[in-house]
Structures are given as C-alpha cells and as structure tokens.
Amino acid sequence: MTDPKPARTDADLSRTLAEFSVPSEAGNERLAMETVAEAVRDLDIRGESLERLKTAVAEATMNAMEHGNKYRAEVPVEVIVLVEDQDLIVRITDRGSGPPPAQGRDAPNLEAKLEGMQTPRGWGLFLIKSMVDEMSITGDDGHHTIELVVHLGVEGGK
Amino acid sequence: MAVRHLNVEVRLEPDVAVLDLMGEINGFAEEALNTAYAQADAKDTKTILLNFEGVDYINSTGIALIVGLLAKARASHKRLLACNLSEHYVEIFNITRLSDFMSVFPDEQSAMSETSVS
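So, a few notes on the structure that sits alongside this text. (Residues numbered from 1 in each chain as written. Chains lettered and ligands numbered in written order. Predicted model: local features only at pLDDT ≥ 70, side-chain atom pairs only at ≥ 80, totals over all residues.)

1. Quick word on the pairing of strand E3 (residues 47-58) of chain B
Residues and elements named next belong to chain B.
Logical step 1: When you tally the buried positions in E3, you get nine out of twelve residues, the bulk of the element.
Logical step 2: With nine bridges joining them, strand E2 (residues 16-25) and E3 adopt parallel strand pairing. Bridge assignment links aspartate 20 to a residue of E3, and that residue is asparagine 51.
Logical step 3: Considered for its hand, the β-α-β crossover made up of E2, helix H1 (residues 30-41) and E3 is right-handed.
Logical step 4: In the sheet, E3 pairs with strand E4 (residues 79-83) via five bridges, with the strands oriented parallel. The residue of E4 that forms the bridge with asparagine 51 is cysteine 83.
Logical step 5: The handedness of the E3 to E4 crossover, carried by helix H2 (residues 60-75), is right-handed. (Buried ≥ 20, exposed ≤ 12 C-beta atoms within 10 Å, placed from the backbone. Helix = DSSP H or I, 4+ residues; strand = E, 2+ residues; numbered from the N terminus. Pairing = 2+ DSSP bridges. Right-handed = clockwise from strand over helix to strand, strands pointing away.)

Set out below in structure tokens:
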C-alpha cells in the first residue's frame, strides 16, 4: 500500500483527508477499510455509522479489485477520502474497462438463491447502497470510479 | 494487514450442533465453513447453531457462504440459527433478509432456550 498523503486544503473548500492505493490482492479491502476509518477519525462518524462506512468501503474495494482489476496484484485500487461542504466523499477507482455496473440494482432475491435458482453471490452493490447516503459509479475506457457519500452533521449519515 | 483465516470448532450440545466461528468470513472461509457444517450435519440434530462470537468481519462473499449453508439446512429440513452477531452484522442480516430465514439471538443461552421450547 502506498502511504496516505498528509491532509491538504484546496481552495474550493474540499479538504482531502487521505489518498492511497492498495494492490489488487484478496483481503486488501480490509486494509482500505481501516485506512479510511483512520482518515475520518476526527469527523463525527462513530459507532454504527462508522461500521456502515467501513463495510461500504470494503465492498467497493473488493468490487474494484475483483471486477475492475481482475485481482492482478500489480494493478492498484486508488482511494481518495475528502470532505466537501457537509459531505464525506470516498472515491475508489480501478482500471476496469467497459461500461460500469448498473447502479439501480434491486435487493437480491434471497428466496431464489436459497432455491438454487440464482447464485448465492451478488450482494456487494446492494450492501454498498444500503450503507451510505449516496452512491454513484462512473467510468471511461480505462477506469471505473465508485463514489460513496455520507452526509455529515447531526441529521446526516445513515 | 494479514487475513484472519476462519477456524471453526464443532461441538454437540443437547439437540443442537454448535459451530464456533473464529476469524473472518470471506472468500478464504469457504472450505473451513463447509467442512465444519458437514461435521455438524452428521451429528444428526434438528438444529445447527452458528456462533459468531469470534467473528469480527463478514464480507459479501461471506454472506454468500452463509446463504449456501442456509440452503443446505432448508434442503435437509434442519433449523439454522445464529447467535453473538455484533450490532452491525445483525443489521446486515436484517438488510439481506437472512434473519427472515434464520433466527438471530443475542447469545448462545437464548438460542438454546429457544430450541428447548420448540
């Protein structure tokens, strides 16, 4: 993993809390998750809200390593953590190509999975969407970026 | 950060086979989990209890593995229960609706009480 860069303040009121990358190796989603948790330690995100953020970051990093970078260890997943206005934003970028995955995915059909009519997998995007206030995915020919947003403040955050 | 591979111990309580889960439930856990479940299934009890007390991380692949265990239990008409999940993973079991199909208890004692009255 590259070392998180020190926080910097941009003129546009966004404040970068951390920028780092992790190799695309199974298990490194926990490294990304704990690094983001450390980066937001001074924000008002604690307890269950922090656990939700950590799960969203871990799942998004797993998706990036698996589907974007095909678990090629030499291809990094890049993570940036910043605050803009009253939002915490985490952007996770892989080197995948092709259209980004559909974002409007409904809840997985557990009955169909239990009956063997669907693969038991396919929970990642659903979990991410459930854990944060906003999620979006963008992409071009060589990158996919998933953006996670948590509204800060007393009324913000899931 | 080193992965804490799943270790599972199987023990037999009255009418219940208990799987004590320790470590992470992720893609690396598949063999350990399925092997332990097969051992528990062979105990020939009507109920199998997953004890998550030693588990600090479950990812979406781990959720899929638990769905697989639940499918096996339903196919063999066994009850699969869960206990000692953290508050966060209780929420995830609710969101995924796993808790609609497997009762979740705060601790082993309450799970055992349920099995003794049903």
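2. A short note on the nonpolar core
Logical step 1: By size, the foremost hydrophobic cluster in this structure holds 73 residues, and its most contacted members are Val36, Val57 and Val79 of chain A together with Leu19 and Leu49 of chain B.
Logical step 2: Leave out the neighbours within four places in its chain, and leucine 49 of chain B touches Val16, Val18, Leu19, Leu81, Cys83 and Ala111 of chain B. (Core = buried A, V, L, I, M, F, W, Y, C linked by C-beta atoms within 7 Å. Contact = placed C-beta atoms within 7 Å.)

3. Concerning the interface of chain A and chain B
Logical step 1: On the side of chain B, 20 residues touch chain A, which itself brings 21 residues to the contact.
Logical step 2: Residue contributions to the side of chain A that touches chain B peak at five residues, all from helix H2 (residues 47-68) of chain A.
Logical step 3: Looking at the side of chain A that touches chain B residue by residue, the class counts come to nine nonpolar, four polar and eight charged. (Nonpolar A, V, L, I, M, F, W, Y, C, P; charged D, E, K, R; others polar.)

4. Focus on the sheet that holds E3 of chain B
Logical step 1: With respect to topology, five strands assemble into an open sheet ordered E1-E2-E3-E4-E5 (chain B), the strand pairing being mixed. Pairing within the sheet leaves two strands with one partner each, and these edge strands are strand E1 (7-13) and strand E5 (104-105) of chain B.

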